[in-house]
Amino acid sequence: MAQPFIVKPGGKISLNGSGEDFNPEHSPEYTGSYRKKGDTKKYLKKLHKQMLRLQELLYAGGEHAVLIILQGMDTCGKDGTIRKVMAGINVQGCNVVNFKVPTIDESSRDYLWRAHKAVPQRGKIGIFNRSHYEDVLVVRVHDLVQKSVWKQRYQQINDFEKMLVENGTIVLKFFLNISKDEQKERLESRINDPTKHWKITDADIRERAYWDDYMEAYEDVLNNCSTDWAPWYVIPANKKWYRNLVITERVVNTLEDLNMKFPEPDSDVSKLIVE
Ligand code: ADP
């Protein structure tokens, strides 16, 4: 069965609601059969319980790592997703990496160096809050490198992710899709609430002016880098509770599909005696 919200590898999607390649399931406002947060609480709780059990299996087996990549426009909810989706898991088995403007050390190497250095160890879940995709997004929108340079990165990224997958890492990529109106509301609420002032910068307002350029850059990412081995999912993200549910469900289902079992002990446990 087709996975909901996936960008079909080799297909073509549009983020613009009026085009023929637009999938209504990808719409920022979409909430499936749910109407309100309360309708999802019980199911989310069940998913969190499953996630905890699966994380333990992942850690015990030490065969796979899970890399979750979160991308989206400013205020799309990357931080909230990390807080809510990972609410139920053991923090010792999870690591979050934020991708900021590259440091001098990072920018004196190839753009994938810092991403490769940050991938999770086997047995662990790693989350990239932004990622190597910034090198075909902000870098493209602001002409930080020439087109001929960023264009070849799609293939380089696909090859990099394939190598990770072939070496035991599961790669899940989520684009948190909010509407431009929703971003306006979220930015305004940050301006109006002194407890949220720390969350807003001039840059957030400046970047909003490039909305259409970012949408074009995201469409190209989704159409060029959703692969059989590392697909992209477009997550409706205007409603935070639906976003959390969909991502948690995808992570749980992916872990379930690994059919993990606790490893056999090295010795005959029944013969062990605790003095
Ligand atoms: P966030 O917005 O994710 O909460 P920040 O406000 O610190 O975190 O923003 C990080 C900034 O770093 C973003 O504007 C992002 O576009 C920028 N950035 C990340 N990677 C790169 C890169 N490779 N080149 C240039 N800028 C980058």
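What you see is a predicted model; the values in this text were computed from it and never measured.

1. Side note on the site of the ligand
Here is step 1: Taken together, 13 residues lie near the ligand, and Lys-78, Lys-100, Arg-114, Arg-130 and Glu-134 sit nearest.
Here is step 2: Arg-130 is positioned such that a nitrogen or oxygen atom in its side chain is 2.7 Å from an oxygen atom of the ligand.
Here is step 3: One of the side-chain nitrogen or oxygen atoms of Asp-135 is found 3.2 Å away from a nitrogen atom of the ligand.
Here is step 4: Grouping the amino acids of the shell around the ligand by side-chain chemistry returns 6 nonpolar, no polar and 7 charged.

2. Remarks on the pattern of salt bridges
Here is step 1: Considering all chains together, one arrives at 14 salt bridges under this definition.
Here is step 2: Among the salt bridges present, the one from Glu-161 reaches Lys-173, with a minimum N-O distance of 2.7 Å. Remark: Lys-173 occurs in strand β4 (residues 169-177) and Glu-161 occurs in helix α7 (residues 153-166); sequence separation between them is 12 residues.
Here is step 3: For Glu-161, a relative accessible area of 0% gives the class buried.
Here is step 4: Beyond isolated ion pairs, a larger network of salt bridges with shared partners links Asp-74, Arg-130 and Glu-134.

3. Remarks on the sheet that holds strand β3 (residues 125-129)
Here is step 1: As summarised here, the arrangement of the 5 strands in space is β2-β3-β1-β4-β5, forming an open sheet in which the pairing is parallel. The strands lining the two open edges of the sheet, one partner per strand, are β2 (94-98) and β5 (232-236). Neighbour-to-neighbour, the strand axes of this sheet turn through a mean angle of 20°, independent of strand direction.
Here is step 2: Pairing analysis gives 8 bridges linking strand β1 (residues 65-72) to β4, with the strands arranged parallel. From the neighbouring strand, Ile-69 faces β4, where its bridge partner is Lys-173.
Here is step 3: Here α7 sits on the sheet and contacts β1 and β4; the angle it forms with β4, its principal contact strand, is near 135°.

Conventions we followed
Residues numbered from 1 in each chain as written. Predicted model: local features only at pLDDT ≥ 70, side-chain atom pairs only at ≥ 80, totals over all residues. Heavy atoms only, no water. Near = heavy atom within 4 Å. Polar contact = N/O pair within 3.5 Å; in protein donor to acceptor, adjacent residues only side chain to side chain. Nonpolar A, V, L, I, M, F, W, Y, C, P; charged D, E, K, R; others polar. Salt bridge = Lys/Arg side-chain N within 4 Å of Asp/Glu carboxyl O. Helix = DSSP H or I, 4+ residues; strand = E, 2+ residues; numbered from the N terminus. Buried < 20%, exposed > 50% of the residue type's maximum accessible area, 1.4 Å probe, protein only. Pairing = 2+ DSSP bridges. Axes fitted to C-alpha atoms, helices over the stretch in contact; angles between N-to-C directions. Contact = heavy atoms within 4.5 Å.

By themselves these figures say nothing about function.
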